[in-house]
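Overview (structure and organization)
Here is how the chains run, residue by residue.
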Amino acid sequence: PTCCRVKSTTRKHSIRWVVSPGMLANLMLSEGRCGDRQFFDQGVIDHFVAASEENPAFGIGWQRAAGERSHWTFGDHASPKAFGHVGWTGTLTVIDPQYDLVIVLLTNQKHSPVQEGRRRLYFEGDRFPTSRFGQTVTRIYEALEDVQAD
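To start, this report covers the structure provided alongside it. Everything numeric in this text was worked out from a predicted model, so none of it was measured.

Notes on a nonpolar patch on the surface
A contiguous nonpolar patch, built from Val44, Phe48 and Ile60 and spanning about 220 Å² of accessible area, is present on the exposed surface. Here Phe48 shows up in helix α2 (residues 42-49). Residue Phe48 is classed as partly exposed on the basis of its relative accessible area, which comes to 33%.

Structure representation (structure tokens):
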């Protein structure tokens, strides 16, 4: 399985593991297991995606699809079990266990020219359609629904 194709490189006194967002997401959907290898167990996943006491819309490093403000990230169709992570540079990972779905969106949002707005400077990429993550995720879910309906 592709989730197990982890590249390791050894340098003098360290080992580095290169894991893509898609690999991590697939591991999160498969209870930390890939083939006969167990990288972490379901308890670790549950701990990281559990609602924070300070803000139930977040876990540890993950945003949760539960709550009013999750629409910007998760759109209209994500299940309440979905969780994800938004990166400042214009990246998004959504993992939806209910639908066995992983969405990884990589954009060059912050690697675009800087423009001068009325009140502040902004990255041109901030106005790209893909920068509205919730709308993009909604379209992906709807496209999958159309495919499954055919």
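Now that the structure is up, let's keep going.
Observations concerning the pattern of salt bridges
One pass over the structure, following the stated rule, counts one salt bridge. Between Lys110 and Asp126 there is a salt bridge whose closest N-O contact spans 2.6 Å. On the criterion of sequence distance, the pair formed by Lys110 in the loop between β8 (101-106) and β9 (114-116) and Asp126 in the loop between β10 (121-123) and α4 (133-149) is long-range, its members being 16 residues apart. Exposure remark for Asp126: the relative accessible area of 25% places this residue in the partly exposed category.

Points about the packing of aromatic side chains
Inspection of every chain in the model, using the stated rule, returns four aromatic pairs. Ring plane angle 75° and centroid distance 5.8 Å describe the contact between Tyr99 and Tyr141, whose orientation is recorded as edge-to-face. Of this pair, Tyr99 sits in the loop between β7 (91-96) and β8 while Tyr141 sits in helix α4, and the two are 42 residues apart along the sequence. Tyr99 gets classed as partly exposed once you look at its relative accessible area, which sits at 46%.

Some thoughts on the side chain of Thr107
Relative to the helices and strands, Thr107 resides in the loop between β8 and β9. Its relative accessible area of 17% is what places Thr107 among the buried residues. Polar side-chain contacts of Thr107 include one of 2.6 Å to the backbone oxygen of Gly90. From its side chain, Thr107 meets the backbone nitrogen of Gln109 in a polar contact 3.2 Å long.

Regarding the nonpolar core
Nonpolar side chains in soluble globular proteins generally cluster together in the buried interior. Judged by nonpolar contacts, Ala65, Phe74, Ala82, Leu92, Val94, Leu101, Ile103, Leu105, Phe133, Val137 and Tyr141 together constitute the single largest core of 11 residues. Contributing elements (two or more residues each) for this core: β7, β8 and α4. If near-sequence neighbours (up to four positions away) are discounted, Val94 is found in contact with Thr73, Phe74, Phe83, Gly84, Leu101, Val102, Ile103, Val137 and Tyr141. Among the nonpolar cores identified, the runner-up in size contains 10 residues, and Cys34, Ile45, Val49 and Phe83 belong to it.

Looking at the sheet that holds β7
Ordered by their spatial adjacency, four strands build an open sheet running β5-β6-β7-β8, and the pairing between neighbours is antiparallel. One side of each edge strand has no neighbouring strand; the edge strands of this open sheet are β5 (63-64) and β8. The pairing of strand β6 (residues 83-87) with β7 spans five bridges and is antiparallel. Within β7, the residue paired with Gly84 across the bridge is Val94.

The rules behind the values
Residues numbered from 1 in each chain as written. Predicted model: local features only at pLDDT ≥ 70, side-chain atom pairs only at ≥ 80, totals over all residues. Heavy atoms only, no water. Patch = residues over 30% accessible without salt bridge, like charges linked within 9 Å, V, L, I, M, F, W, Y side chains within 5 Å. Areas by Shrake-Rupley, 256 points an atom, 1.4 Å probe, with all protein chains shown as cover. Salt bridge = Lys/Arg side-chain N within 4 Å of Asp/Glu carboxyl O. Helix = DSSP H or I, 4+ residues; strand = E, 2+ residues; numbered from the N terminus. Buried < 20%, exposed > 50% of the residue type's maximum accessible area, 1.4 Å probe, protein only. Phe/Tyr/Trp six-rings, centres within 6.5 Å; stacked < 30°, edge-to-face > 60°. Polar contact = N/O pair within 3.5 Å; in protein donor to acceptor, adjacent residues only side chain to side chain. Core = buried A, V, L, I, M, F, W, Y, C linked by side-chain atoms within 4.5 Å. Contact = heavy atoms within 4.5 Å. Pairing = 2+ DSSP bridges.

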